Amino acid sequence: MKVEEEIANRFKCPKCGVQRAKVKKLAMTGASLLERWADWQRNKYYFVTCTNCGYTEVYDAEILDGKKGGIEDLLDLIFGG
Ligand SMILES: [Zn+2]
């Protein structure tokens, strides 16, 4: 399963308690074209947005994607098992 789906499945909003989220993988980019290219290589993030109240959490994609096989354990930690 993709990391996006894992997060969406487990997300529980800390603000309103609703368990619905949309997850987007986006890059935080710099202003110039070269900066943008360089940033895309390393600054990717998962934006997890509560579809009820709009509360958004951001996770570093490099770290989550790097947890090969261990993403479930990590998400248990973040959202509670
Ligand atoms: Zn919420």
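The model shown is predicted, which means the values in this text are computed figures rather than measured ones.

Calculation criteria
Residues numbered from 1 in each chain as written. Predicted model: local features only at pLDDT ≥ 70, side-chain atom pairs only at ≥ 80, totals over all residues. Heavy atoms only, no water. Donors = N, O, S within 2.8 Å, 3.2 Å for Na, K, Ca; no water. Tetrahedral: all angles 85-135°; square planar, octahedral: opposite > 155°, others 65-115°. Buried < 20%, exposed > 50% of the residue type's maximum accessible area, 1.4 Å probe, protein only. Salt bridge = Lys/Arg side-chain N within 4 Å of Asp/Glu carboxyl O. Helix = DSSP H or I, 4+ residues; strand = E, 2+ residues; numbered from the N terminus.

**Considerations on the coordination of the zinc ion**
1) Next: Within the first shell, the zinc ion binds the protein through Cys-13 (SG), Cys-16 (SG), Cys-50 (SG) and Cys-53 (SG), at distances of 2.3 Å.
2) Next: Taken together, the four donor atoms surrounding the zinc ion define angles of 105 to 119 degrees at the centre, an arrangement classified as tetrahedral.
3) Next: Among the residues examined, Cys-13 registers a relative accessible area of 3% and is labelled buried.
4) Next: Given the relative accessible area of 33%, Cys-16 is considered partly exposed.

**Remarks on the pattern of salt bridges**
Between side chains of opposite charge, a pair can form when the charged atoms approach closely.
1) Next: All chains considered together, the criterion is met by three salt bridges.
2) Next: Lys-25 is the salt-bridge partner of Asp-65, the closest N and O atoms lying 2.9 Å from each other. Taken as a pair, Asp-65 in helix 3 (residues 61-65) and Lys-25 in strand 1 (residues 21-27) lie far apart in primary sequence, 40 residues in all.
3) Next: The partly exposed category is assigned to Asp-65, whose relative accessible area is 23%.

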